[in-house]
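Structural overview
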Number of protein chains: 4
Amino acid sequence: MRVILHSRQIWRSSLSAVNSFCRGFSTTVSNQQRLDISGIYPPIATPFNNDESIAFDKLEENFQKWNKLPFRGYVVQGSNGEYAYLNIEERLEMLRRCVDLADKNKLIMAGSGCESTRDTIMMTEKMAKIGAQVVLVVTPCYYKSGMTNTALINHFTKVADASPVPVILYSVPGNTGIDLSPEVIITLSQHPNIAGLKDSGGDISKLGNLVYRTKDNDFQILAGSAGFLYAGYAVGCVGGVCALANVLGQETCDVETLFKSGKHSEARDLQHRLISPNAHITKLYGVPGLKAAMEMFGYYGGPTRSPLQPLTKQEHDKVKQAFTSTGFLK
Amino acid sequence: MRVILHSRQIWRSSLSAVNSFCRGFSTTVSNQQRLDISGIYPPIATPFNNDESIAFDKLEENFQKWNKLPFRGYVVQGSNGEYAYLNIEERLEMLRRCVDLADKNKLIMAGSGCESTRDTIMMTEKMAKIGAQVVLVVTPCYYKSGMTNTALINHFTKVADASPVPVILYSVPGNTGIDLSPEVIITLSQHPNIAGLKDSGGDISKLGNLVYRTKDNDFQILAGSAGFLYAGYAVGCVGGVCALANVLGQETCDVETLFKSGKHSEARDLQHRLISPNAHITKLYGVPGLKAAMEMFGYYGGPTRSPLQPLTKQEHDKVKQAFTSTGFLK
Amino acid sequence: MRVILHSRQIWRSSLSAVNSFCRGFSTTVSNQQRLDISGIYPPIATPFNNDESIAFDKLEENFQKWNKLPFRGYVVQGSNGEYAYLNIEERLEMLRRCVDLADKNKLIMAGSGCESTRDTIMMTEKMAKIGAQVVLVVTPCYYKSGMTNTALINHFTKVADASPVPVILYSVPGNTGIDLSPEVIITLSQHPNIAGLKDSGGDISKLGNLVYRTKDNDFQILAGSAGFLYAGYAVGCVGGVCALANVLGQETCDVETLFKSGKHSEARDLQHRLISPNAHITKLYGVPGLKAAMEMFGYYGGPTRSPLQPLTKQEHDKVKQAFTSTGFLK
Amino acid sequence: MRVILHSRQIWRSSLSAVNSFCRGFSTTVSNQQRLDISGIYPPIATPFNNDESIAFDKLEENFQKWNKLPFRGYVVQGSNGEYAYLNIEERLEMLRRCVDLADKNKLIMAGSGCESTRDTIMMTEKMAKIGAQVVLVVTPCYYKSGMTNTALINHFTKVADASPVPVILYSVPGNTGIDLSPEVIITLSQHPNIAGLKDSGGDISKLGNLVYRTKDNDFQILAGSAGFLYAGYAVGCVGGVCALANVLGQETCDVETLFKSGKHSEARDLQHRLISPNAHITKLYGVPGLKAAMEMFGYYGGPTRSPLQPLTKQEHDKVKQAFTSTGFLK
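Every chain is numbered independently, its residues counted from 1 as its sequence is written. As they are written, the chains are lettered A onward and the ligands numbered 1 onward, keeping that order. With pLDDT at 70 or above as the cut-off, local features in this predicted model cover only qualifying residues; side-chain atom pairs require 80 or more to be listed or tallied, and sums for whole chains, interfaces and linings still use all residues. For side-chain calculations, the full set of non-hydrogen atoms in the structure is used, while hydrogens and water are omitted.

All copies are superposed by least squares; the fitting set is the C-alpha atoms of residues with a pLDDT of at least 70 in both. For the pair chain D and chain C, the best superposition has an RMSD of 0.0 Å and corresponds to a rotation of 180° with a translation of 0.0 Å parallel to the axis. Expressed as a symmetry operation, the mapping of one chain copy onto the other fits a two-fold axis. For chain D, the smallest separation between a C-alpha atom and the rotation axis is recorded for Gly177(D), amounting to 3.6 Å. By definition, residues are in contact when any of their heavy atoms lie within 4.5 Å. The fraction of interface residues of chain D whose copies in chain C are also interface residues reaches 100%, indicating that both copies meet through the same surface.

Take a look at the structure:
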């Protein structure tokens, strides 16, 4: 039905659009100072009470623990924040609380993506006003066949033109069915207000190529999952937005530290242990798996909103097993 | 990435959930009277001005033409209504106007689907209050791996339990990446407040099987595209929600009339001519194609909201050609 | 990964290739006499002994039953014939036996497709010599990204140019991952030695459109599955190659008879009952399901070749249930 | 249609099969000595003359160049060898020549995969006799829905039981549509005659996890593409089978050397430059792209067999541009 890929045809047909677009930017960004976004971010889960209202008290408890960790900042309303299940007011209120609860030295990256360009701009402006220092803008995805390279370039350009704060592109094909193409990303990397990319697709060749092709633009790429965090660093990513950091925050930051200090084999060994736990709280069991794991590590997880379902007993055991077999849980 | 299908494994794993669920309904619906939804519906386009505000005056002009046609009713905020690009207030206001503008003998079917169950229930209740006589509820789709059969059954059941008006299931895998499975549909067909299904996937074997398997439940299936409308009738569908009816309303209704009067070869011949025009305003060029075609036939089409892009000159010509080569345009 | 579809880009990029190609045929086929291939064909299963050798004696037993049925002919080495598991000599010997065993008034359609053009031509020539009256040529599929419209048009043209007997195109995306596009089919329908198409994809809009677009070329389309046989006839197909005809041969032929005599509601009702049994021996359980069902109806089914696996007890019960619940088995 | 992934359901349903299987091996392989397969291999292209016959003289010329490079060995009849277009005799003859032409210190890894288990065993035995020191066995793929974990485990086990030489599993979903699952690989890693895996899918999390989960079995993983070669080494792969090594043999080997000597940033920088050239000869333009590039670097490329098509002038220029823009060509 649809069609994540780089077939020859798509590659070819997109080039003219991309080329004609590139001339549009009169200056390159190479001499500009980008906001440094390097580091590790948990895309924080939104805690709910049993009646599905937001549990702000539990949010505060979680932040007390997270604030002690060497995160670069927090992503509020990434996919793991169940942002798709929050209404506009809730999205803004949730951000307001996070801005308040987060340590002042942490960067607040807020997910402001909506399906329409106008809603995304509106949300971006409001979030910046509340205190988001950077916004994470997911690809629109409902009208899949209409999300051509041209459409996506136009969308992100309009949002970046309007945004008071830097924009990070967000590609998460597992949820959206849209994999932001290298052509779109490279084109957009020239925009002075687009500072980077969060890529959850995990195609490591694509990530390496993007680092290489955008290196003159001071463009920063964040690995979108702890499953390929070390490999991401190895090919030139500057950090990661990792669901697993909600649970194993220190260990996720340790991957960065080990990499940066040149301890490659230690980084690899830690990475190895993280993959299966990470898979259980992302592609295998999603947000319900993440919240279950948070409970295992002393955080408040709580229920998801419906239609996401709680784990069965058997699924819960598998999540636990993924953390025990790798030595993170007794 | 994901995964529209009925693999063996999915089939198997879903059965226990389905079976255990079925026991939940204490009464069958076989003796109940369902709302008759048979007939043809245009999923009406939302007209916009050049500044992307809703052009209610143009909506009125379009309704003056549509009201003269033998439609069973109107779908307000199907995918072709760009509902994903309307905010809550716009969705409700748009419905209010349509209720007002539609001939009183037309059924108003309103798209009330949202990502979360709670938002869907809220929207459903508000739309029913405004005048929707039946609601069309699309599958949630953002957390794709979480949209198991169990999750979808729970979602639609909760919505149907709460809804003041009958619910129609809506499966549109081209947009959502989720194809509602036969098991889910058959299970839900037993719910007294779920009256039918709009299926835009177009798997004619699936549709025939669903007609057969749900025939004791007075469950009604609508073809979700003019491309398989006659074939849909042939296997037992009771009508269609067809983007093409925005443009070729009479001709779309003629398929129904020819079928019902047993003129199968005429129905087939008309169907043949409709397929290519229909493809150009749906899977090939989507809503921008639909709106371009509306202009060709004297309706107001106007722009889409961004990020959907207007047709290029070449694309526009192809749409026109699809209608001229089949004799619908001079 | 891949990419069955008609995205806009693919549509566009293919047109120039197709257009330039079309000029290549100096004469149209409209005045030529095509071989009439209309009717129902079982794609016969290849019977194996427990040691995986071909059980020619069992083949003879099966033919004794099949020959009593009003089939138009037999497909030897369609996908259900496990042709991919036969070596060259076996493919030819199997055909030789079938030519011998089939009633003389039956058409023999032999699957001669190979991955390379040269092997396909070689196989086609040998099969024609042995007695195939028409060949069924599957799309090559291993180098998926290389199977562009241009490559496929060239392949089938070379094969048809060389073939002593008419060629039928064969699109079976469930196995090959390649869905022969309308552009390719319409272009090839102009070749004087390409008589038709077997389409197992089941997109009924595509089939209707192909009937319409190729009607001046006397091009004949066969439904590739009993699941959409009646709908296929309704939109203009002239017959079907149906795995189910191995098992329910009379009933499959009855769909044709009912359709042709204008008994649409009876045809629909019979079609309804056939869908689930058909699904169990095709997409759900494949050849192992087909062979299990053959045993239930007095044919020799026997084992498949490895790596295909025999049904589990539970799967076997489900196949049986599909035939009993629809009244075909007691 | 099909379904490369690890959905929850598939994961779950496969576990019981896997677990029951594991008990089947009476001894672990941890104390056994595996053949060391570490290092870089070109999957050599099969050179053809213009009439599509094999150009053995050109093969010899190519080997004279390749033999000077620090390859660990050669893969004969990987996907890039167009093995799918060679008949049985050609496959064996081609191997015979390669055994003869390769330097005696090079390992010969021969692709012996066929669709059926019996043909694969036959081919494996013949290739071992000719001189293959290890065989690369691709996943069967035609009957996709039948290629369950159980079927694949049985297939590879039977082949490994019968093979006189070690077996390497080969997963190449871009061609086959089948991504060998971690469960299957981990299970098979316990077989004493299965020495490793070539994975061309490129999911770096999967590769890291496999290294971790099979480390007690002395199981060796080869990156299946130069696009993720350095990342592959970083997560624990022991080498690579890289189409690009046909063209840039020294540079591909340099990635290994840099990695092994701890020069991570140099390895990364070289890797960055290799990604785009590699993409142009693999996923973008496939074997025709590879052969065109070989010509640019003094090797004999020549035509592919049909239905693969030669590059257009424009495509040829893009391939050239990929190598010039990265500094590999003047």
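The next point concerns the interface of chain A and chain B. At the interface, 42 residues of chain A touch 42 residues of chain B. Summed over both partners, the accessible area lost on bringing two parts together, with a 1.4 Å probe, is the buried area. Carbon and sulfur atoms supply 55% of the area that chain A and chain B bury against each other, a total of about 3,400 Å² over both sides. Area buried by chain A at its contact with chain B is led by Arg118(A), Tyr142(A) and Tyr143(A), which between them contribute 23% of it. When a carboxyl oxygen of Asp or Glu lies within 4 Å of a side-chain nitrogen of Lys or Arg, that pair is called a salt bridge. In this assembly, chain A and chain B are joined by two salt bridges. With its nearest N and O atoms 3.9 Å apart, the salt bridge here joins Arg118(A) to Glu52(B). Any pair of N or O atoms that falls within 3.5 Å is considered a polar contact. Within protein, one atom must be able to donate a hydrogen and the other to accept it, and sequence-neighbouring residues count only if both atoms are side-chain atoms. Linking chain A to chain B there are 18 residue pairs in polar contact (both at pLDDT 80 or more). Helix and strand assignments come from DSSP, with helices taken as H or I runs of at least 4 residues and strands as E runs of at least 2, each series counted from the N terminus. In terms of residue count, the dominant contributor to the side of chain A that touches chain B is helix 5 (residues 149–162) of chain A (five residues).

Here we come to the pattern of salt bridges. Overall, the coordinates contain 47 salt bridges over all chains when judged by the stated rule. A salt bridge links Asp179(A) to Lys206(A); its shortest N-O distance comes to 2.7 Å. Here Asp179(A), found in the loop between helix 6 (173–176) and helix 7 (182–188), pairs with Lys206(A), found in helix 8 (residues 204–213); they are 27 residues apart in sequence, far enough to count as distant. Burial status follows relative accessibility: with a 1.4 Å probe on protein chains alone, a residue under 20% of its type maximum counts as buried, one over 50% as exposed, and anything between as partly exposed. Among the residues examined, Asp179(A) registers a relative accessible area of 15% and is labelled buried. Classification of Lys206(A) by relative accessible area gives buried; the value is 6%. Notably, a salt bridge pairs Glu256(B) with Lys260(B), separated by 3.5 Å at the nearest N-O pair. On the criterion of helical spacing, the pair formed by Glu256(B) and Lys260(B) is a turn pair, its members being four residues apart in helix 10 (residues 249–260). One network of salt bridges, in which partners are shared, links Glu93(A), Arg96(A) and Arg97(A).

For the pair chain A and chain B, the relating rotation is 180°, the translation along its axis is 0.0 Å, and the fit reaches an RMSD of 0.0 Å. The residues that chain A uses at the interface reappear at the interface of chain B in 100% of cases, marking a shared surface.

Mapped onto the fold, Ile275(B) is located in helix 11 (residues 264–281). C-alpha separation for the pair Ile275(B) and Ser306(B), spaced 31 residues apart in sequence, amounts to 28 Å.

All names here are of chain D. Between the first and last residue of a helix there are one fewer steps than residues, each counted as 1.5 Å, and that sum is the expected span. Over its 18 residues, helix 11 (residues 264–281) runs 25 Å from end to end, which matches the ideal 26 Å to within 8%, given 1.5 Å per residue. To get the bend at any residue, fit one axis to the seven residues that end at it and another to the seven that begin at it, then take the angle between the two axes. Its maximal kink placed at Ile-275, helix 11 deviates by approximately 30°, while the proline Pro-277 follows within four residues. With 13 of its 18 residues buried, helix 11 lies for the most part within the structure.

Sheet strands line up and pair through hydrogen bonds in the backbone, either parallel or antiparallel. All names here are of chain C. Pairing between strands is defined by DSSP: at least two bridges between the two strands are required. Strands sit in the order 1-9-8-7-6-5-4-3-2 across an open sheet of nine strands; the sheet is parallel. The sheet is open, and its two edges are formed by strand 1 (39–41) and strand 2 (43–44), each paired on a single side. Note that strand 1 and strand 9 (residues 239–241) share three bridges and pair parallel. By the bridge assignment, Gly-39 is partnered in strand 9 with Gly-239.

Now for the interface of chain D and chain C. Chain D puts 42 residues into the contact, and the matching count from chain C is 42 residues. Taking both sides of the interface into account, the surface hidden between chain D and chain C amounts to around 3,400 Å²; carbon and sulfur atoms contribute 55%. When the area that chain D buries against chain C is broken down by residue, the three leading residues are Arg118(D), Tyr142(D) and Tyr143(D), summing to 22%. The interface formed by chain D and chain C contains two salt bridges. The set of elements that each furnish at least two residues to the side of chain D that touches chain C consists of helix 4 (117–130), helix 5 (149–162) and helix 6 (173–176) of chain D. Ranked by residues supplied to the side of chain D that touches chain C, first place goes to helix 5 of chain D with five residues. Three classes are used: nonpolar for Ala, Val, Leu, Ile, Met, Phe, Trp, Tyr, Cys and Pro, charged for Asp, Glu, Lys and Arg, and polar for all others, with Gly counted as polar. Counted by class, the side of chain D that touches chain C contains 17 nonpolar, 14 polar and 11 charged residues.

Residues and elements named next belong to chain D. Strand order in the open sheet made by the nine strands is 1-9-8-7-6-5-4-3-2, with parallel pairing throughout. Among the strands making up the open sheet, the edge pair consists of strand 1 (39–41) and strand 2 (43–44). Here strand 8 (residues 220–223) pairs with strand 9 (residues 239–241) via two bridges, running parallel. Pairing of Leu-222 across the sheet is with Gly-239, part of strand 9.

The rule is short: rings of Phe, Tyr and Trp, with Trp giving its six-membered ring, pair when the centres are within 6.5 Å, and they are stacked under 30 degrees, edge-to-face over 60, tilted in between. Per the stated rule, a full pass over the model turns up 44 aromatic pairs over all chains. For the ring pair Trp66(D) and Tyr299(D), a centre distance of 5.8 Å and an interplane angle of 25° mean the geometry is stacked. Residue Trp66(D) is located in helix 2 (residues 56–66), and its partner Tyr299(D) is located in the loop between helix 12 (286–296) and helix 13 (313–324); the two are separated by 233 residues in the primary sequence. The pair Trp66(D) / Tyr299(D) is uniform in exposure class, with both members buried. Of the aromatic side chains, those joined through ring pairs into one cluster are Phe63(A), Trp66(A), Phe71(A), Tyr74(A) and Tyr299(A). Think of it as a cone above the ring: NZ of Lys or CZ of Arg counts as a charge over the ring if it is within 6 Å of the ring centre and within 35 degrees of the ring normal. Of note, Arg273(D) hangs over the ring of Phe328(D), and the distance from its end group to the ring centre comes to 4.1 Å.

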